[in-house]
Amino acid sequence: MPSTTDSQRMPLADRLRRGLSNGRITSVLILLPPALILFTLFVMLPLLESGYYAFFDWNGYGEPTDYVGLENFERIVGHSVFHTAAANTGKIIAVSLIVQMPFALLLALLIYRKTPTNAVFRLIFFLPYILAEVAAGLIWSFVFDGNYGVTASIAEAFGAESLFILADRDWAFVAILTVILWKYFGFHMMIYIAALQGVSNDQIEAARIEGATRLQVVRYVQIPAIKPAIAVSAFFAIIGALQVFDVIIPLTNGGPSNTTHTIVTYLYTFGLTRLNIGFGSAVGVILFAVAVTIAVFYQRVFMGRSES
């Protein structure tokens, strides 16, 4: 069987003939055009249109005619609520990396072995991720309700005053961070479990024979072996934090006093709901630029390092 290097040295005509004979080119010709069409219609065209609308003061009706140049971007940069939204998005990224991922890794190390009991625990911990974001937000809005929710019942049981956490400027976003941790840690846990189950038992047994403790096995054998999975998990955590929307809307809708907005909810509130489509498009362009920059940087720096 020729190696990859040999196939690369073959003339183009021979490679095309071989591709036709084994069906690879036929598969590409059949499957690639539909994918390209869908990607163009639902990704590229909306992106290009957003980039175009960002330079107009446009309410979404008719053709945009009021060209304002970079005014939308200047308004965004000077808007204090956008600063709060960007800071909140950064907090979600930090909490996801510093709290959520280590907690998920700890649980994965405890229940990664294939036993019936561990399978039950994996299902329980993964269920919040399966739950729809809006449903999770509605459930937790009841939990935090100071009149009729679980918080009210706890306060009443201890004879304390009712707590209205979601209406408190200092605690509302803490509540949102709690829900995000609860909602998504199971996803990262399952990534780590899949990676840990792929670690060779021979390596673990060899370390134990050499006298390594449980913590030493985890530190020097298991964690180094799953570094690619940790890198992928961190990437999903960062990109997911940039997209947080469905959890916040049913909980606080960006309140109180616009203190719990993320970049996406800021775009929705100050762009779509107020029919400032040009302004919202400018926010979308900024978010897209940030996401692409992070993705490219992370891929080149961290993903490449984890694979080496």
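For every chain, the first residue of the written sequence is number 1, and numbering continues from 1 along that sequence. Totals for whole chains, interfaces and linings use all residues, but because this is a predicted model, local features are given only for residues with pLDDT of at least 70 and pairs of side-chain atoms are given and counted only at 80 or more. As a rule here, side-chain values cover all heavy atoms of the structure and leave hydrogens and water aside.

**Section: the packing of aromatic side chains**
Aromatic ring pairs: the centre-centre distance and the angle between the two ring planes describe each pair. Convention followed: Think of it this way: a Phe, Tyr or Trp ring, Trp meaning its six-membered ring, pairs with another when their centres are within 6.5 Å, and the plane angle makes it stacked under 30 degrees, edge-to-face over 60, tilted otherwise. Each helix is a run of H or I in the DSSP string that is no shorter than four residues. Each strand is a run of E no shorter than two, and both are numbered from the N terminus. Each residue's exposure class comes from its accessible area (1.4 Å probe, protein chains only) as a fraction of the maximum for that residue type: buried when under 20%, exposed when over 50%, partly exposed otherwise. Put simply, a charge is over a ring when the Lys NZ or the Arg CZ is close to the ring centre, within 6 Å, and near the line of the ring normal, within 35 degrees.
One pass over the full model with this rule turns up 20 aromatic pairs. Judged by centre distance (5.4 Å) and plane angle (65°), the ring pair of Trp-140 and Trp-182 falls under edge-to-face. Taken together, the positions of Trp-140 in helix α7 (residues 133-143) and Trp-182 in helix α9 (residues 172-196) put the pair 42 residues apart, joining distant regions of the chain. Its relative accessible area of 17% is what places Trp-140 among the buried residues. Measuring from centroid to centroid gives 4.8 Å for Tyr-266 and Phe-270, while their planes differ by 35°, and the two rings are tilted. Of this pair, Tyr-266 and Phe-270 both sit in helix α14 (residues 263-272), four residues apart, which is roughly one turn of that helix. Aromatic ring contacts, followed pair by pair, group Phe-126, Tyr-129, Tyr-184, Phe-187, Phe-235, Phe-236 and Tyr-298 into a single cluster. Over the ring of Tyr-184 we find Lys-183; its NZ or CZ atom is 5.1 Å from the centre of that ring.

**Some details on the layout of surface pockets**
Condition: Of the two site types, the cavity is a set of points on a 1 Å grid over the protein atoms alone where a 1.4 Å probe fits but cannot get out, and the pocket is an open set with protein on both sides within 12 Å along at least five of seven lines, each lined by residues with an atom within 4 Å of a point. Grid points are joined across faces, edges and corners, and a volume is the space filled by probe spheres set on the points. Gly falls in the polar group here, along with every residue not listed as nonpolar (Ala, Val, Leu, Ile, Met, Phe, Trp, Tyr, Cys, Pro) or charged (Asp, Glu, Lys, Arg).
The computed volume of the largest pocket comes to approximately 380 Å³. Around the largest pocket sit 19 residues that line it, and Tyr-184, Phe-236, Gly-240, Ala-241 and Gln-243 are the ones nearest its centre. Ranked by residues supplied to the lining of the largest pocket, first place goes to helix α12 (residues 227-242) with five residues. The class makeup of the residues in the lining of the largest pocket is twelve nonpolar, five polar and two charged.

**Focus: the pattern of salt bridges**
So the rule is basically this: Here, a salt bridge means any Lys or Arg side-chain nitrogen found within 4 Å of an Asp or Glu carboxyl oxygen.
Enumeration according to the criterion identifies one salt bridge in this entry. Note that Glu-205 and Arg-208 form a salt bridge whose closest N and O atoms lie 3.6 Å from each other. With a gap of three residues between them, Glu-205 and Arg-208 both fall in helix α10 (residues 201-209), about one helical turn apart. With a relative accessible area of 42%, Glu-205 lands in the partly exposed category.

**Considerations on the confidence of the model for the protein**
Rules: Within a predicted model, pLDDT stands for the predictor's per-residue confidence, ranging from 0 to 100. In this analysis, two residues are considered to be in contact whenever any of their non-hydrogen atoms come within 4.5 Å of each other.
Mean pLDDT for the protein: 87, with 90% of residues reaching 70 or above. Element-level mean pLDDT values for the protein span from 50 in helix α1 (residues 4-9) up to 95 in helix α5 (residues 80-111). Across residues 1-7, confidence stays below pLDDT 50; counting only partners more than four residues off in sequence or on other chains, it has two contacts.

**Let's talk about the side chain of Asn-118**
Spelled out, the test is: Pairs of N or O atoms are called polar contacts if they sit within 3.5 Å, as long as, within protein, a hydrogen donor faces a hydrogen acceptor (for residues adjacent in sequence, only side-chain-to-side-chain pairs).
Relative to the helices and strands, Asn-118 resides in helix α6 (residues 116-130). A distance of 3.1 Å separates polar atoms of two side chains, one belonging to Asn-118 and the other to Thr-115. When neighbours within four sequence positions are excluded, Asn-118 is seen to be in contact with Leu-110, Ile-111 and Arg-113.

**Remarks on α6**
Worth spelling out the cut-off: Given a helix with a known number of residues, its expected span is that number minus one, times 1.5 Å. Note that the bend at a residue is defined as the angle between axes fitted to the seven residues ending at it and the seven residues starting at it.
Taking 1.5 Å of rise per residue, 15 residues should cover 21 Å, and α6 covers 20 Å from first to last C-alpha, within 8% of that figure. Ile-124 marks where α6 bends most, by close to 25°; the proline Pro-128 follows one to four residues later.

**Describing the environment of Gln-203**
With respect to the element layout, Gln-203 can be found in helix α10. Classification of Gln-203 as partly exposed rests on a relative accessible area of 43%. Sequence separation of Gln-203 and Arg-219 is 16 residues, and the distance between their C-alpha atoms is 13 Å.

**Here's the deal with the nonpolar core**
Keep this limit in mind: Definition used in this section: a nonpolar core is a set of buried Ala, Val, Leu, Ile, Met, Phe, Trp, Tyr and Cys residues joined via side-chain atoms within 4.5 Å.
Ile-92, Phe-144, Met-189, Tyr-192, Leu-251, Tyr-266 and Val-283 are the most contacted members of the largest nonpolar core, which has 61 residues in total. The element contributing the most residues to this core is α5, with 13 residues. Non-local contacts of Val-283, meaning those with residues more than four positions away in its chain, are made with Ile-76, Ile-263, Tyr-266 and Leu-267.

**Regarding the packing of α5 against α12**
Note the cut-off: Axes, fitted as lines to C-alpha atoms, cover a helix only where it is in contact. Angles between the N-to-C directions of the axes lie from 0 to 180 degrees. Any angle from 65 to 115 degrees is called roughly perpendicular, while one under 35 is roughly parallel, one over 145 is roughly antiparallel, and all others are oblique. Left-handed is the label given to a crossing in which the near helix is rotated counterclockwise from the far helix by less than a right angle, and right-handed is the label when the rotation is clockwise.
Packing of α5 against α12 brings their axes to within 8 Å, and their N-to-C directions diverge by 150°. Considering the angle they form, α5 stands roughly antiparallel to α12. Crossing of α5 over α12 shows right-handed handedness. Contacts between α5 and α12 involve Thr-89, Ile-92, Ile-93, Ser-96, Leu-97 and Met-101 from the first element and Ile-230, Ser-233, Ala-234, Ala-237, Ile-238, Ala-241 and Leu-242 from the second.

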